[in-house]
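Report on the structure
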Amino acid sequence: MPSLRFKLLGGILIGLLVVVVALTMLLGRSHRIAAPPPEPRATAAPEPAASRAETPPASPERPSRSKGQSDWTFFFRVGDTLTRMSDGTALGVVVRLERTHPFPDGVGPAYVVRSQDQREAVFDADALERSARIDAIREIARPPLATPAR
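Here is a short report on the structure shown in this document. (Residues numbered from 1 in each chain as written. Predicted model: local features only at pLDDT ≥ 70, side-chain atom pairs only at ≥ 80, totals over all residues. Heavy atoms only, no water.)

1. Digging into the overall build of the protein chain
- Helix and strand counts for the protein chain come out as three helices and five strands.
- Listed N to C, the secondary structure of the protein chain is α-α-β-β-β-β-α-β in terms of helices and strands.
- Sorting the 150 residues of the protein chain into buried and exposed places 23% on the buried side.
- Taking all contacts inside the protein chain whose residues are at least 6 apart in sequence as the whole, residues at least 24 apart take part in 55%. (Helix = DSSP H or I, 4+ residues; strand = E, 2+ residues; numbered from the N terminus. Buried < 20%, exposed > 50% of the residue type's maximum accessible area, 1.4 Å probe, protein only. Contact = heavy atoms within 4.5 Å.)

Okay, here's the thing in C-alpha cells:
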C-alpha cells in the first residue's frame, strides 16, 4: 500500500492539473463578435484603367499613417511584383521607392509601380502595404562574400 506521502503528492499533482485545465478552459475562450455583413453597394460602370491605377487601393475611411513621415520603413522592395489582395489583380512591379512624394492631401513616402502596360503609378506607402501582396520576388544575384587573404 502506498505511503501517505505518495498519496498527498499524487493528490496535489492531480489538483494542480485540474486547476490548470480549468483556467485554460475559462481564460482561453475568446468571445468573438461576428462582423456586421457588408452593406450592398450599387454597381457602377468600371473606371478606366488610367484613373484606377492612380487612386490608392486602400479603403478611404482609414487615414494613411505614412503621411508626413520621412523615416517610413518600406515593406516592398524594388523588383517585387504586386497583386491586389481583394481581387488578385496584378498591380505591377515596384520600380522606385520615394521618401517624399507630394499627394493632394499631404506629403509622404510612396511606391512607384510599373503596370504591365508600362504605365507608372504612384501609391501611398501605407495604403499599398495594407492592400497589396507580393506575387513574385525578383532575386538579385549578389556576388559571394570575399574571404580575407591570409
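2. With respect to a nonpolar patch on the surface
- Side chains of Leu-4, Phe-6, Leu-8, Leu-9, Ile-12, Leu-13 and Leu-16 sit close together on the surface and give an oily, nonpolar patch of about 780 Å² of accessible area.
- Structurally, the position occupied by Leu-4 is in helix 1 (residues 4-28).
- Leu-4 sits in the exposed class, given a relative accessible area of 61%. (Patch = residues over 30% accessible without salt bridge, like charges linked within 9 Å, V, L, I, M, F, W, Y side chains within 5 Å. Areas by Shrake-Rupley, 256 points an atom, 1.4 Å probe, with all protein chains shown as cover. Salt bridge = Lys/Arg side-chain N within 4 Å of Asp/Glu carboxyl O.)

3. Quick notes on the packing of aromatic side chains
- Tallied over the entire structure, the rule returns three aromatic pairs.
- Between Phe-74 and Tyr-111, the aromatic rings sit 5.2 Å apart at their centres with planes inclined by 80 degrees, giving edge-to-face as the arrangement. Of this pair, Phe-74 sits in the loop between helix 2 (49-54) and strand 1 (81-84) while Tyr-111 sits in strand 3 (residues 106-114); the two residues are 37 residues apart in sequence, bridging distant segments of the chain. This pair shows no difference in class: Phe-74 is buried, exactly as Tyr-111 is.
- Aromatic side chains Phe-75 and Phe-76 sit 5.2 Å apart centroid to centroid with 70 degrees between the ring planes, which places their arrangement in the edge-to-face category.
- Among the aromatic residues, those joined into a cluster by ring pairs are Phe-74, Phe-75, Phe-76 and Tyr-111. (Phe/Tyr/Trp six-rings, centres within 6.5 Å; stacked < 30°, edge-to-face > 60°.)

4. What about the pattern of salt bridges?
- Summed over the entire model, instances satisfying the criterion amount to five salt bridges.
- Across the salt bridge formed by Asp-126 and Arg-130, the nearest N and O atoms sit 3.1 Å from each other. Taken together, the residues Asp-126 and Arg-130, both in helix 3 (residues 125-131) and four residues apart, mark about one turn of the helix.
- Overall, Arg-130 belongs to the partly exposed group, its relative accessible area being 21%.

5. A short note on the side chain of Thr-83
- Inspection of the secondary structure assignment puts Thr-83 in strand 1.
- Not counting the four nearest positions on each side in its chain, Thr-83 is found in contact with Gly-88, Thr-89, Ala-90, Leu-91, Ser-131, Ala-132, Arg-133 and Asp-135.

6. Considering the sheet that holds strand 5 (residues 132-136)
- Spatially, 4-3-2-1-5 is the arrangement adopted by the five strands of the open sheet, whose pairing is antiparallel. Every other strand in the sheet has two partners, leaving strand 4 (120-124) and strand 5 as the edge strands with one partner each. When the angles between neighbouring strand axes are averaged without regard to direction, this sheet yields 50 degrees.
- The pairing of strand 1 with strand 2 (residues 90-103) spans three bridges and is classified as antiparallel. Among the inter-strand pairings, Thr-81 is bridged to a residue of strand 2, identified as Val-93. (Pairing = 2+ DSSP bridges. Axes fitted to C-alpha atoms, helices over the stretch in contact; angles between N-to-C directions.)

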